[in-house]
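Residue strings, one per chain:
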Amino acid sequence: MLIGRDTEMERFDSMLGELPVAGGALILRGEAGVGKSALLAEVARRAADLGYRVLRTVGLELEADLPFAGLHQLLHPLRQHFNTLPPKQRDSLKAALGINDAEVSDGYIVALAALNLLTEIAQAGPVVLIVDDAQWLDAATSSVLGFLGHRLASEPILLLAAQRIGPAARIDEAQLPDLDIGPLPPAASGELLDRNAHGLSDALRERVLLEAAGNPLALIELPAAADGAEPDEMLTAPWLPMTARLERSYGERIQGLPPRARAALEAAAVYDRSDAAEILAAARALVGSPVGLGDLLPAVEARLIDAPGREIAFHHPLVRSAVRQVAGPARIREVHGIFAELVTSEIDRWAWHASLASDQPDEAIAAALEDAAVRAQRRGSNTGAVFAFERASQLSPDAERRADRLLKAAECAVTTGRPDVVTRLADRAAQLHLTPQQAARITLVKASYNEGVGVKASDSVVVAELAESVAAGGDHELAMKMIWHISLRSYWNEPGEAVRMRVLRAVEVLSTDPLEARSICATAYSAPIARGRVVRDRCETALQRPDLGAFEMATLGAAAVQAGALDVAVTVEEAAFARLREEGRLHTLAKALGAHAYSSAQLGNVNAAIPTAEESVRLSVETGQPYMHAFALACQARVAALRGRVEECDELARRAEQIAAPVRCSNVLSIAQHARVQAALSRGEFDEALDRALRMHDPTDATYQLALKNYNVVDLSVAAMRSGRIGEVATVMAGIEEDARVSGSPELLAGLAVSRLLVAADEHVEDLYQAAVDADLSSRPFLRARSELAIGLWLRRQRRALEARRYLRMARDTFDILGLHTWSNHSRIELRAAGERTTEPQSSPADVLTPQEFQIARMAGTGLTNREIGKQLYISHRTVGAHLASVYAKLGIGSRVQLSDALARK
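Section: the pattern of salt bridges
For the coordinates displayed, the defined rule picks out 62 salt bridges. The salt bridge involving Asp-404 is made with Lys-408; its shortest N-O contact spans 3.5 Å. Of this pair, Asp-404 and Lys-408 both sit in helix α20 (residues 399-413), separated by four residues, roughly a single helical turn. A relative accessible area of 21% means that Asp-404 is categorised as partly exposed. Judged by relative accessible area, which is 27%, Lys-408 ranks as partly exposed. Across the pair Asp-687 and Arg-725 runs a salt bridge, and its minimum N-O distance is 3.0 Å. Residue Asp-687 is located in helix α35 (residues 686-695), and its partner Arg-725 is located in the loop between α36 (713-723) and α37 (730-743); the two are separated by 38 residues in the primary sequence. The class of Arg-725 is buried, set by a relative accessible area of 17%. Several salt bridges share partner residues, and in doing so they unite Glu-363, Glu-370, Arg-401, Asp-404, Arg-405, Lys-408, Glu-411 and Arg-441 into one network.

Some details on the nonpolar core
One finds Leu-71, Leu-75, Leu-93, Val-110, Trp-492, Phe-631 and Val-668 to be the most contacted residues of the largest nonpolar core, which totals 132 residues. No other element matches helix α5 (residues 107-122), which puts 12 residues into this core. When neighbours within four sequence positions are excluded, Val-668 is seen to be in contact with Trp-492, Tyr-627, Ala-630, Phe-631, Ala-634, Ala-656 and Ala-660. If you look at the next biggest cluster of nonpolar residues, it comprises 71 residues, including Val-606, Val-677, Ala-790 and Ala-846.

Focus: the environment of Ser-37
Secondary-structure assignment places Ser-37 in helix α2 (residues 36-49). Along the chain, Ser-37 and Ser-519 lie 482 residues apart, while their C-alpha atoms are 54 Å from each other.

Section: empty space enclosed by the protein
Throughout the structure, instances matching the rule amount to four cavities of 30 Å³ or more. Residue lining of the largest cavity: 14 residues in total, with Gln-602, Tyr-711, Val-714, Glu-747 and Leu-783 positioned closest to the centre. If you list the elements that add at least two residues to the lining of the largest cavity, you get α36, α38 (746-759) and α40 (781-797). In terms of residue class, the lining of the largest cavity is built from six nonpolar, four polar and four charged. Roughly 70 Å³ of internal volume is contained in the second largest cavity. In terms of lining, the second largest cavity is formed by Pro-528, Ile-529, Gln-562, Ala-563, Gly-564, Ala-707, Asn-710, Tyr-711, Ser-743, Ser-745 and Leu-748.

Remarks on the sheet that holds strand β1 (residues 24-30)
Taken in spatial order, the five strands make up an open sheet running β2-β3-β4-β1-β5, and their pairing is parallel. Of all the strands in the sheet, just β2 (53-58) and β5 (178-180) have a single pairing partner and so form its edges. In this sheet, adjacent strand axes meet at a mean angle of 20° when their direction is disregarded. Relative to β5, β1 runs parallel, the two sharing three bridges. For Leu-28, the partnering residue across the bridge sits in β5 and is Leu-179.

Some details on the packing of helix α44 (residues 851-861) against helix α46 (residues 877-891)
Relative orientation of the contacting elements α44 and α46 amounts to 95°, with a least axis distance of 9 Å. As judged from the angle between their axes, α44 and α46 are roughly perpendicular. Contacts between α44 and α46 involve Gln-852, Glu-853, Ile-856, Ala-857 and Ala-860 on the former and, on the latter, Val-880, His-883, Leu-884, Ser-886, Val-887 and Lys-890. Here the residues of the contact of α44 with α46 are counted per class, giving six nonpolar, three polar and two charged.

Overview of the environment of Lys-408
It is 43 Å that separates the C-alpha atoms of Lys-408 and Ser-289, two residues lying 119 residues apart in sequence. The residues touching Lys-408, leaving out its near neighbours within four places in the chain, are Glu-370, Phe-389 and Arg-441. In this structure the side chain of Lys-408 is engaged in a polar contact, spanning 2.5 Å, whose partner is the side chain of Glu-370.

Brief notes about helix α34 (residues 666-683)
Spanning 18 residues, α34 covers 25 Å between terminal C-alpha atoms, matching the ideal 26 Å at 1.5 Å per step. Burial within α34 is extensive, with 16 of its 18 residues counted as buried. Once α34 ends, the next one or two residues include Gly-684, with phi positive near 80°.

Notes on the state of the cysteines
Enumeration over the complete set of coordinates arrives at zero disulfides. Cys-521 takes part in no disulfide bond, and the closest cysteine sulfur, belonging to Cys-539, lies 7.8 Å away. Overall, Cys-521 belongs to the buried group, its relative accessible area being 0%.

Points about the packing of aromatic side chains
The full count for this structure, using the stated rule, is 12 aromatic pairs. For the pair Tyr-108 and Phe-147, a centre-to-centre distance of 6.3 Å together with 50° between the ring planes defines the contact as tilted. Placement of the pair is Tyr-108 in helix α5 and Phe-147 in helix α6 (residues 139-149), with a sequence separation of 39 residues. Note on accessibility: Tyr-108 and Phe-147 belong to one class, buried. Summarising the aromatic geometry, the rings of Trp-492 and Phe-631 are spaced 6.0 Å apart at their centres and angled 50° between planes, so their arrangement reads as tilted. With a gap of 139 residues between them, Trp-492 in helix α24 (residues 476-492) and Phe-631 in helix α32 (residues 626-642) connect regions that are remote in the sequence. The exposure classification of Trp-492 matches that of Phe-631, with both residues buried.

Re the pairing of strand β4 (residues 157-164)
A large share of β4 lies buried, amounting to eight of its eight residues. Summarising the sheet, β1 and β4 pair through seven bridges and their orientation is parallel. Bridging across to β4, Gly-24 finds its partner in Leu-158. Of the strand pairs in this sheet, strand β3 (residues 127-132) and β4 are connected by five bridges, and their pairing is parallel. Bridging across to β4, Val-127 finds its partner in Ile-157. Between the parallel elements β3 and β4, the chain passes through α6 in a crossover that is right-handed.

Overview of the environment of Arg-832
Here Arg-832 is to be found in helix α42 (residues 821-833). When its relative accessible area of 38% is taken as the criterion, Arg-832 is described as partly exposed. Sequence separation between Arg-832 and Ile-181 is 651 residues; the distance between their C-alpha atoms is 63 Å. When residues no more than four places from it in sequence are discounted, the contact partners of Arg-832 are Thr-838 and Glu-840.

Notes on helix α18 (residues 363-378)
Within an α-helix, residues lying three or four positions from one another point in the same direction, as the helix has 3.6 residues per turn. Taking 1.5 Å of rise per residue, 16 residues should cover 22 Å, and α18 covers 23 Å from first to last C-alpha, within 8% of that figure. Of the positions making up α18, those classed as buried are Ile-365, Ala-366, Ala-368, Leu-369, Glu-370, Ala-372, Ala-373 and Ala-376. The backbone nitrogen of Ala-364 has a side-chain oxygen 3.0 Å away, supplied by the residue at the start of α18, namely Asp-362. Following α18 by one or two positions, Gly-380 adopts a phi angle in the positive range, close to 90°.

So, the packing of helix α27 (residues 532-542) against helix α28 (residues 550-562)
Two elements in contact, α27 and α28, have axes whose closest approach is 9 Å; the angle formed by their N-to-C orientations is 155°. The orientation of α27 relative to α28 falls into the category roughly antiparallel. α27 and α28 meet at a crossing whose hand is left-handed. For the pair formed by α27 and α28, the contact residues are Val-535, Cys-539 and Ala-542 on the first element and Leu-556, Ala-559 and Ala-560 on the second.

Comments concerning the side chain of Glu-266
Secondary-structure assignment places Glu-266 in helix α12 (residues 259-270). Classification of Glu-266 as buried rests on a relative accessible area of 6%. In terms of polar contacts, Glu-266 uses its side chain to reach the side chain of Arg-331, at 2.8 Å. Sequence-distant contacts of Glu-266, that is, excluding residues within four places in its chain, are made with Leu-286, Val-323, Ala-327, Arg-331 and Val-335.

Rules of the game
Residues numbered from 1 in each chain as written. Predicted model: local features only at pLDDT ≥ 70, side-chain atom pairs only at ≥ 80, totals over all residues. Heavy atoms only, no water. Salt bridge = Lys/Arg side-chain N within 4 Å of Asp/Glu carboxyl O. Helix = DSSP H or I, 4+ residues; strand = E, 2+ residues; numbered from the N terminus. Buried < 20%, exposed > 50% of the residue type's maximum accessible area, 1.4 Å probe, protein only. Core = buried A, V, L, I, M, F, W, Y, C linked by side-chain atoms within 4.5 Å. Contact = heavy atoms within 4.5 Å. 1 Å grid on protein atoms, 1.4 Å probe; cavity = no way out; pocket = protein on both sides within 12 Å on 5 of 7 lines; lining within 4 Å. Points joined across faces, edges and corners; volume = space filled by probe spheres on them. Nonpolar A, V, L, I, M, F, W, Y, C, P; charged D, E, K, R; others polar. Pairing = 2+ DSSP bridges. Axes fitted to C-alpha atoms, helices over the stretch in contact; angles between N-to-C directions. Parallel < 35°, antiparallel > 145°, perpendicular 65-115°, else oblique. Polar contact = N/O pair within 3.5 Å; in protein donor to acceptor, adjacent residues only side chain to side chain. Expected span 1.5 Å × (residues − 1). Disulfide = S-S within 2.5 Å. Phe/Tyr/Trp six-rings, centres within 6.5 Å; stacked < 30°, edge-to-face > 60°. Right-handed = clockwise from strand over helix to strand, strands pointing away. Left-handed = near helix turned anticlockwise from the far one by under 90°.

Nothing here speaks to function; it is geometry throughout.
As C-alpha cells, then:
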C-alpha cells in the first residue's frame, strides 16, 4: 500500500475502470525519488489484478542513443503477433527492433505498426503501457510513444509514463497530458519514516524529515545513511541538494562492498542490458575470478540492487549514477573494453562498447561505428545515427574522415528536429580543415534546416555560386540539393527580385533533366511569374510519367500552386496522399496537406480545405515542422474567414503570425494577412480590408510574397469598390495585369475577370460580366458566384431589380453549396433589397462536426471501411468508429448508409 498517495491512486483507479471503453495517455512528472516508479508499479499491479495486459519499458541513460531500445523492451513480449501486421508495417517494425535488415523509409511507419499491433492485442482485453524514466528514452521510442499518446482516447489502451523533472525530454514534444507528483504531506512523511526507520532520536527524526522534504526515497535512504555514523554527524552535516545527498549516500555504501559485488555493479552500470549472466561474466574478467549471484548479497542488503535472478536491476536509477561516479572514467572505460570483448559477434554493440572504451583515435572502431550509424538510419533512427557519426568523428585519426563523419552527423541531425544539435555540429565542422565539397555541405546543412527559414538572402547567392562550383567539381547531386534548398527559401522568405534571378540562373544551369520534379519546383519557387508558363507545361508533361513517386507528385503539386494552376495542385496532392500515408512519410504528407488546404481555400472549397488544413496542423506538430505548422494555421485562418468566423480567423492568424513574424516567414504572413483581409470584408470594415490588401503588394512589407500576393486580387477589388477608393488600386492592378500577361496564370486570369467587373465604370459592367462568363469559370464556382453577386448588386443599384434577382439567386445557391456563409448572407441581403423573399441558410455538416469528424465522415461516405480510413489517417479502426458514432449523433442519422445524403444536406 502506498502512503500519502490516495488522491493519485483514485485518479488511476478511475482511468483503469474506464479502460475497457476509453484509454488515453498521462505523463507523471516529479523529482528523483518522489515516488513515480512506486505509483507506476502499483498501477501495474492493480491492472494485472483486473486481468489487463501490462507491457513495460524503462529508459536507461546508456541506451538513450540506441535507436528503438525502449520500444524493443515494450513490444518484445508481443513479437509472436508481428505477423498479423500488413507486410510493410511488419517489416519496418522488425527492422526497427533489429529483427531483420529491411530499410525503414520513415520512422512513422514504425509508429503506425506499433499502434495497429497494440490495438489488435487490445481486442482481447485492455492493455496498460508502463514507461519509467522516460527522460532517458531514445528519441525514436519517444517519437513512437508521442504518436501513440495522441491516438488512444478511443482505445482500451492506457499509456502511463514517469519522467524526472529537468531539461526537456523528447517525449515532451508530443505535449501529452501530465500530472505533477509532489512531495508527501507531513503526516504521510512521518508515517513512512517511522515504518522504515526504528530507533531514531527525536532530533535525528526531525532532521531527516526536514532534509527529506516529503521525498519518499529520501525518507527511506537517509536513515540508512545514518546507520553507523556518529550520532551528531547528520545533524551537523551541511545541506546538499536531494539528488546529490542520495548519490553520496549510495556512494558510501558502494565503497563498502566486497570487490566481487562492486565489480558486478560496475559492470551493470555501463551495460546496455540487464542480463545477469553477461554482467557476471564481465565482473569475472574485472576481478580475475568467478562471480556468482551469491556474491551480490551485500549489494542487495545495502538496498543498491533488487534481488537478482535472470536480470540485475538497480534499486533506483540514482544508484547507477553513483556507481559510475565512484568508479571513475578510467574504470568505466575498462568495463566497456571487457564488454567489447564479450559481444564481438554483435557488431553494433561491439562498436558501441569499443568506442566508449577508447580514449585514443582508432580508425577500425571509427569505421565500425560509422557502419552502425548507417544501419541506424536504415532502421529509421536518425538520432542514434547522429551520436554514432559524431563519436566516429572523434575517434578518426585522419582529418578528412574526421570532418566527413562530423558532417554526416550534422546532415543526419537536420531530420531530428533539433536545431541546437544541427548548429553545434555544423559549427564544430566549420572549425576543421575542410575540402571545398565539405564546406559546401556545411552550407547545405544550414540552408536545409526548417525550409531554410531565417537564412539571409545574401547567403542564397553564395550558395548558388557554390552549387555551380560543386557541380563543376563533379558532384551534381549535392549541387542540386543545394539549389533545391535555396529555391525553397525563396518561397518561405521573400528574397527580392535580384536574388530570385540569381537562383533561377543556377537552377537552369544545373538542371540536367528539366522534367525532374525538384527542378520544376525550384523553377517555380524562384520565378513563379517569369517562368509560370514553363512550370505549368513541364508539370503537365512530368505528371504523365509512369514511375512518378509520392514525393515527386507532392513536389509537382507545390509547383502548380506557384504557377497558378490551383485545380491541378488539388488533384495532384490528393493523388499523393494515399501513397504518402502508405509509406509513412508524415513529414512530406504534412506539406502536401498544407498545399491542398491553401489551394482549396483559394478556390473557395472549404469542405475540402477544412479536413486537410486540420490534419496538416496536427501532423506538422508531430513531425517537428514549426513553420509548416504556422502555414497550416494560416490556411485554417483563411477557411475561418471564408466561413464568416471572424473571431476564429483572427485567433488563428495571430497564432500563425506569432511563429512566422520573428523570422519574416513571408508566405505564412501573406496567407494570414489575406485571411485578415477577408475577415475585415466580413465585418464590413472595407477601409481596413483595403489597407491590409495593399500591404501584400508592397515589396518592403513582411506580408509580400511574389507568388501569393496576386491571389488577393478579387478581395482587393471588393475592398476598393466598397470603400470608394478605387483610384488607390490603379497602380497595383496594372502590376497584376502585367503579371497575368507574363505568367498566363489560370488563377490570376480568372481572378482578374471578376476584379475588372468590380472596379469598372457603370458603362462597362455588363460587357465585363460577359467577359467573365467567357473566361469559363465553371471549374471555379467560387469566382463564378462572386461575379454573379457583383453583377446582381450592380443591377439592383441600377434599379433593374428583376434582372438582379436571377444573378443574386445563382450566387446565393452556389455560396450555400460551398458553405461560404458570409457571401451567402450578403447575397440574401441583396435579394431582399431587390424585393425577393429568401429562406435562411441551413447549417451544413461542416458547421456541426469537428474537422476530424468531418474528414472521417467524408471518407466513410465514399465507401471506405473503418480500417481503411484508420490506415490513411494513422488512427485505429476503433477510433474511426468512435468518431463516426459522434457524427451519426450530430447529424441525426442512424447508420453509415445515410451518410452520403446527410453530407449533401445544406
